[in-house]
Amino acid sequence: MVPTTSSESESKSSFHKVSNAKPQLAVSVADKKLSGNGATVQTEALTSTATDKSLQNGDNQKLRVSAYREAAISMGELNGAEYIEVPSPRANNAKKVSLLPLIFLIFYEVSGGPFGVEDTVHAAGPLFALLGFLIFPLIWSVPEALITAEMGTMFPENGGYVVWVSSALGPYWGFQQGWMKWLSGVIDNALYPVMFLDYLKSAIPALGGGLPRILAVLALTLVLTYMNYRGLTIVGWVAVSLGILSILPFVVMGLISIPKLKPARWLVADVHSIDWNLYLNTLFWNLNYWDSISTLAGEVHNPKKTLPKALFYAVILVVLSYFFPLLIGTGAVPLDRDSWTDGYFSDIAKILGGVWLRCWVQGAAAVSNMGMFMAEMSSDSFQLLGMAERGMLPEFFAKRSRHGTPLIGILFSASGVILLSWLSFQEIVAAENFLYCFGMILEFIAFVWLRIKYPNATRPFKIPGGTIGAVLLCIPPAILIGVVLAFSSIKVMVVSLVAVAIGLVLQPCLKFIEKKRWLKFSISSDLPDITSHGPLLH
């Protein structure tokens, strides 16, 4: 963006005033002297051979900035200035994600439909299952979504939560956050090709095991990986289509079940027979990962407005997609808690509507797993790109394909999925929950610390309540994290702690490689300074 004179702004209708936006440096076309907030900025005409600028603040310090580097000048300091927007080269490489696809990407990051919630009824009965999906979102999902909305609009770039933690605690802990979250995401993604085949093996028994199953996992992973390679916009609209297909059979099931509903069945509860471990882990697994969408913030159209709206609508969509199918299943069919395991909704569909409805639900479950795979891989791969743009990973991770997608990040994430697909469902869920909890602890600390240290930093979306409100918001989910970690088995705890230890050593090793210049590391000039000396926090 270029400061212009008043006469030029009158002659060019494309010139417009901009406030609260990140300045982008371009070639100046005139001289202008601007003053505001005690700072005076002198800009001089530049020819095709660019010169330097100088900024003098109230302390009489001068910061010389190359004409091809980002200006470290707060827009709030340039009162009365006029600008012309010069788009970043990256902005034209790929289409941005709009509101509706973003809602469904969040939906698939978190949920994907009611498939997998059956164990809550098995563990605690209908009443506690229904209450769980009403109360648990208030304790966990809403706070996490609110924090994601505030931090994601404060740092709207692909590093997401890695950038939040780096800004608050430094790059070392930012890297640890990235390592744990990426690993937990890849572990989570290893579930979906396996679950997809589990729903199809009743129709195709050969997919139940052996070489045909291995080949099917590889083929499915490659096909879905290719869709991620083709672009995030394609993934977003595919997520919309798959989301509608996943939800629609339950709408039909609900209409069919109305004459058979008996509200008394919803009130069945036996406190003494609750399996709290299974109950809490199932709720936690089905209602987390709201922050994953932050690693795609750099690909979102107008993220400062779109991201909070998308999170709001996604929370409603996710809660309804869990609650109403549970109402149907527990209210329209006599209770048999032992039958409420993965895949039981297809049996309920057969009881209520027949074989055709069962096949529809099974198909919806299969495509739901496809949607969750694509959304998770998008988040994981763009996270690696964001870390590379911040200089935390080698520069080759930041390279994009001709579709604007992070090719190396996609290949790394897909390789991790294939290597982990042999693990059992229970082991995968437990390991990813453990690592995810560690990452969330760092996020809560970063959120509160930035509120305390930089209360006046620009926050396009700000949670009300001040610093005290921020602390109170984090207390319930922090307690829940402690409960989930306490229920972890020794095996899962040891494996997860080893993974954490690898991250603690990996970051210094990468710094050593950078120092020796064995691989190239660089920080993108398009990104703002997130240190305490940068304009973003001040």
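Residues numbered from 1 in each chain as written. Predicted model: local features only at pLDDT ≥ 70, side-chain atom pairs only at ≥ 80, totals over all residues. Heavy atoms only, no water.

Topic: the overall build of the chain
Each helix and strand in the chain was counted, giving 16 helices and four strands. Of all 538 residues assigned to the chain, the portion counted as buried reaches 53%. Put simply, 80% of the contacts in the chain that link residues at least 6 apart link residues at least 24 apart. When the accessible surface of the chain is totalled, it reaches about 23400 Å², and 66% of it is carbon and sulfur. (Helix = DSSP H or I, 4+ residues; strand = E, 2+ residues; numbered from the N terminus. Buried < 20%, exposed > 50% of the residue type's maximum accessible area, 1.4 Å probe, protein only. Contact = heavy atoms within 4.5 Å. Areas by Shrake-Rupley, 256 points an atom, 1.4 Å probe, with all protein chains shown as cover.)

Re the side chain of E109
Note that E109 resides in helix α2 (residues 99-110). Within the buried set, E109 has no salt-bridge partner at all; the shortest N-O distance to an opposite charge, 9.9 Å, is to K181. What E109 contacts, discounting residues up to four positions off in sequence, is N288, Y289, S292, A375, E376 and S379. (Lys, Arg positive; Asp, Glu negative; His and termini not counted. Salt bridge = Lys/Arg side-chain N within 4 Å of Asp/Glu carboxyl O.)

Observations concerning a nonpolar patch on the surface
Residues I244, L248, V251, L255, I258 and L261 make up a contiguous nonpolar surface patch of about 530 Å² in total accessible area. Looking at the secondary structure, you find V251 in helix α8 (residues 232-257). Judged by relative accessible area, V251 falls into the partly exposed class, the value being 45%. (Patch = residues over 30% accessible without salt bridge, like charges linked within 9 Å, V, L, I, M, F, W, Y side chains within 5 Å.)

Overview of the nonpolar core
In terms of nonpolar packing, the biggest core is built from 137 residues, with L105, I106, W140, M253, W290 and F447 touching the most fellow members. Considering every element that reaches this core, the biggest residue donor is helix α12 (residues 355-389), with 15 residues. Other than its neighbours up to four places away in sequence, W140 contacts F284, L287, N288, Y436, M440, F444, P477, L480 and I481. (Core = buried A, V, L, I, M, F, W, Y, C linked by side-chain atoms within 4.5 Å.)

What about the packing of helix α10 (residues 303-332) against helix α11 (residues 344-353)?
Running from N to C, α10 and α11 cross one another at 60°; their axes reach a closest spacing of 11 Å. One element, α10, and the other, α11, form an angle in the oblique class. Crossing angle aside, the handedness with which α10 passes α11 is left-handed. Between α10 and α11, the contacting residues are P325, L326, I328, G329 and A332 on the first element and F345, I348 and L352 on the second. (Axes fitted to C-alpha atoms, helices over the stretch in contact; angles between N-to-C directions. Parallel < 35°, antiparallel > 145°, perpendicular 65-115°, else oblique. Left-handed = near helix turned anticlockwise from the far one by under 90°.)

Observations regarding the confidence of the model for the chain
The share of residues in the chain with pLDDT of 70 or more is 79%, and the mean pLDDT across the chain is 80. When pLDDT is averaged over each helix and strand of the chain, the minimum, 36, is found for strand β4 (residues 62-66) and the maximum, 96, for α10. Under a pLDDT of 50 for its full length, residues 1-93 has, in the predicted model, 149 contacts with residues more than four places off or in other chains. (pLDDT = per-residue confidence, 0-100.)

Overview of α12
The terminal C-alpha atoms of α12, which comprises 35 residues, lie 51 Å apart, in line with the 51 Å expected from a rise of 1.5 Å per residue. Where burial is concerned, most of α12 is hidden: 28 out of the 35 residues are buried. One or two positions beyond α12, positive phi appears at G391, with a value near 80°. (Expected span 1.5 Å × (residues − 1).)

Overview of helix α15 (residues 466-486)
If you check α15, its first and last C-alpha atoms are 31 Å apart, about what 21 residues at 1.5 Å a residue would give, namely 30 Å. Considered for burial, the residues of α15 that qualify are A470, L473, C474, P477, L480, I481, V484 and L485.

Some words on the packing of aromatic side chains
For any pair of aromatic rings, the description consists of the separation of the ring centres together with the inter-plane angle of the planes. This model, assessed by the stated rule, comprises 25 aromatic pairs. Ring geometry for Y172 against W173: centres 5.3 Å apart, planes inclined by 85°, an arrangement best described as edge-to-face. Taking relative accessible area as the criterion, Y172 reaches 29% and is therefore assigned partly exposed. Note on W173: relative accessible area 39%, which makes it partly exposed. A connected cluster of aromatic rings, assembled from ring pairs, spans F115, F250, W340, Y344 and F345. (Phe/Tyr/Trp six-rings, centres within 6.5 Å; stacked < 30°, edge-to-face > 60°.)

Things to note about the environment of A206
Of note, A206 is situated in the loop between α6 (191-200) and α7 (210-229). Not counting residues up to four positions away in its chain, the partners in contact with A206 are P212 and R213.

Some thoughts on the pattern of salt bridges
Taken as a whole, this structure holds nine salt bridges when the rule is applied. We note a salt bridge from E157 to R390, for which the minimum N-O separation is 2.7 Å. With a gap of 233 residues between them, E157 in the loop between α3 (118-154) and α4 (161-169) and R390 in the loop between α12 and α13 (407-420) connect regions that are remote in the sequence. Each member of the pair, E157 as well as R390, carries the same accessibility label: buried. Among the ionic pairs, D347 bridges to R358, the shortest N-O distance being 3.5 Å. Here D347 is found in helix α11, whereas its partner R358 is found in helix α12, with 11 residues between them in sequence. D347 gets classed as partly exposed once you look at its relative accessible area, which sits at 30%. Using a relative accessible area of 24% as the deciding quantity, one classes R358 as partly exposed. A single salt-bridge network, built from bridges that share partners, covers E150, R451 and R459.

Structural notes on the side chain of R213
Inspection of the secondary structure assignment puts R213 in helix α7. A relative accessible area of 15% places R213 in the buried class. Residues in contact with R213, not counting those within four places in the same chain, are V194, L197, D198, A206, L207 and G208.

Considering unusual backbone geometry
In this structure, N302 takes a positive phi of about 50° despite not being glycine. Here N302 shows up in the loop between α9 (276-286) and α10. A positive phi angle is found at R517, which is not glycine, with a value near 65°. Structurally, the position occupied by R517 is in the segment after α16 (490-516). Exposure remark for R517: the relative accessible area of 74% places this residue in the exposed category.

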